[in-house]
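# Examining the three-dimensional arrangement
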There are 2 protein chains.
Amino acid sequence: MEASLGTAQVTGQGLSNSVVPVDHPGINELFALLAYGEVAAFYRLTEEARMAPDLRGRINMARMAAAEMGHYELLRSTLEQRGVDVLPAMVRYAPALEQYHRLTTPSTWLEALVKTYVGDAMAADLYLAIAGSLPVEVADVVRSVLAETVHSQFVVAEVVTAVNASGRQRSRLALWARRLLGEAVTQAQFVLAERDELVDLVVAGGGLAQVTDLFDRLQRTHSERMHHLGLS
Amino acid sequence: MEASLGTAQVTGQGLSNSVVPVDHPGINELFALLAYGEVAAFYRLTEEARMAPDLRGRINMARMAAAEMGHYELLRSTLEQRGVDVLPAMVRYAPALEQYHRLTTPSTWLEALVKTYVGDAMAADLYLAIAGSLPVEVADVVRSVLAETVHSQFVVAEVVTAVNASGRQRSRLALWARRLLGEAVTQAQFVLAERDELVDLVVAGGGLAQVTDLFDRLQRTHSERMHHLGLS
């Protein structure tokens, strides 16, 4: 995760408003969505890593994928503690997440790198957006996952070097990144349209007045990330 | 790892003969071989997991793959502490390991499961065979890796059920397992023929009088594993 996303916002004690009750049904739905997201990301990363030009790239991607499974384990054990039958709960989110990945299959290693970085950061945004309004014990899970989201940093240097060397590559990857954001927002809207519990969770959270704020935030942090990658 | 492989043999204090000096060049070679093996296993597991009939199977394979990367991290940091340039050291073992995987590409989910289990156990055997004769600080690395090799246990129940239901499946998988062992031994022999440091390490170790003992041991523990899987 980038420093600019502001980990302090979730680690600061004073920001845990806890307006959402610990048994809010949206919490289980959110964790199930994130859990499927981690497993889907694991498999996509490892598939896309086949485009890596060398062993170093393949190992970096494998490390990131392994970290996704670490997040998954945390979400799974939390869901189990909350009495949720994990696999059926996760499977509901398969269509939206698989569709996102299908529509954003990279065709080059640089596209794969940008997707990895942007996807990781969008997930971090989502965790961050809701962490402040969650009950303390639940927010701790989110925080633990966020604290580990540093694995995509290896992407930055490689992308920056490539786009500094080629204006055409820069334009290409900037368009690609925009498409990643667009498809993610589309799928997020599908998910919210089908899952009232999730909309309730976002609305009930003290951190966000409205669902649209979530998308505004995604757009804003996306622009910051494009800047870091040399794509703006 | 199966209980019958006897973790006690490496955890027992009295068995650390330490006849091999801590700077034996074979130790770096062994760790580089194991490190490449973990990364190769990571990618093969995730590829073969695509044959999984359900999300549970895919998640089990992803967990195992993530554990391989955990082992890799341990080997990498140990190699770095020993002043080894990790990637070039690993790459030397790519041909043998990639060839093993190419020659043992499973065609069914059950074959993938058996390969996962047998491969994991063969790696454990290899770690175990040399752990007793390594200097304490190096043996600790091997022990840490071994201690985590429990992820393939999910395979057993599924394979046992399948072979109990079908004698044909039993014969098929027994042949497959034999082929896995054969290809592993062939590749191990290629590696030893090219790397005198590794032969020296095996021979110098107090645990094994000769290199042939290593292969005898592999054969013996393989038979035990076949029994556990209902394939003997």
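Above this text is the structure in question.
Below is a short write-up of the structure. (Residues numbered from 1 in each chain as written. Chains lettered and ligands numbered in written order. Predicted model: local features only at pLDDT ≥ 70, side-chain atom pairs only at ≥ 80, totals over all residues. Heavy atoms only, no water.)

Summing up its helical and strand segments, chain A has 11 helices and zero strands in all. Listing the helices and strands of chain A from first to last along the sequence gives α-α-α-α-α-α-α-α-α-α-α. For chain A, buried positions account for 56% of its 232 residues. Within chain A, contacts between residues at least 6 apart in sequence are counted, and of these 83% link residues at least 24 apart. (Helix = DSSP H or I, 4+ residues; strand = E, 2+ residues; numbered from the N terminus. Buried < 20%, exposed > 50% of the residue type's maximum accessible area, 1.4 Å probe, protein only. Contact = heavy atoms within 4.5 Å.)

Attention shifts here to the interface of chain B and chain A. As a measure of interface size, the accessible area lost when the parts come together is often cited. At the junction of the two partners, chain B supplies 24 residues and chain A supplies 24 residues. In total, chain B and chain A occlude about 2,100 Å² of area from one another, counting both sides; carbon and sulfur atoms represent 67% of this. A salt bridge links Glu-73 of chain A to Arg-63 of chain B; its shortest N-O distance comes to 2.6 Å. Where chain B meets chain A, there are six residue pairs in polar contact (both at pLDDT 80 or more). In terms of residue count, the dominant contributor to the side of chain B that touches chain A is helix α3 (residues 55-81) of chain B (13 residues). For the side of chain B that touches chain A, a count of residues per class yields 16 nonpolar, one polar and seven charged. (Buried area = accessible area lost by both parts, 1.4 Å probe. Salt bridge = Lys/Arg side-chain N within 4 Å of Asp/Glu carboxyl O. Polar contact = N/O pair within 3.5 Å; in protein donor to acceptor, adjacent residues only side chain to side chain. Nonpolar A, V, L, I, M, F, W, Y, C, P; charged D, E, K, R; others polar.)

The biggest cluster of nonpolar side chains holds 149 residues, and the ones touching the most others in it are Phe-31, Met-90 and Val-114 of chain A together with Phe-31, Met-90 and Val-114 of chain B. Not counting residues up to four positions away in its chain, the partners in contact with Val-114 of chain B are Val-159, Leu-173, Trp-176, Ala-177, Leu-180, Leu-229 and Leu-231 of chain B. (Core = buried A, V, L, I, M, F, W, Y, C linked by side-chain atoms within 4.5 Å.)

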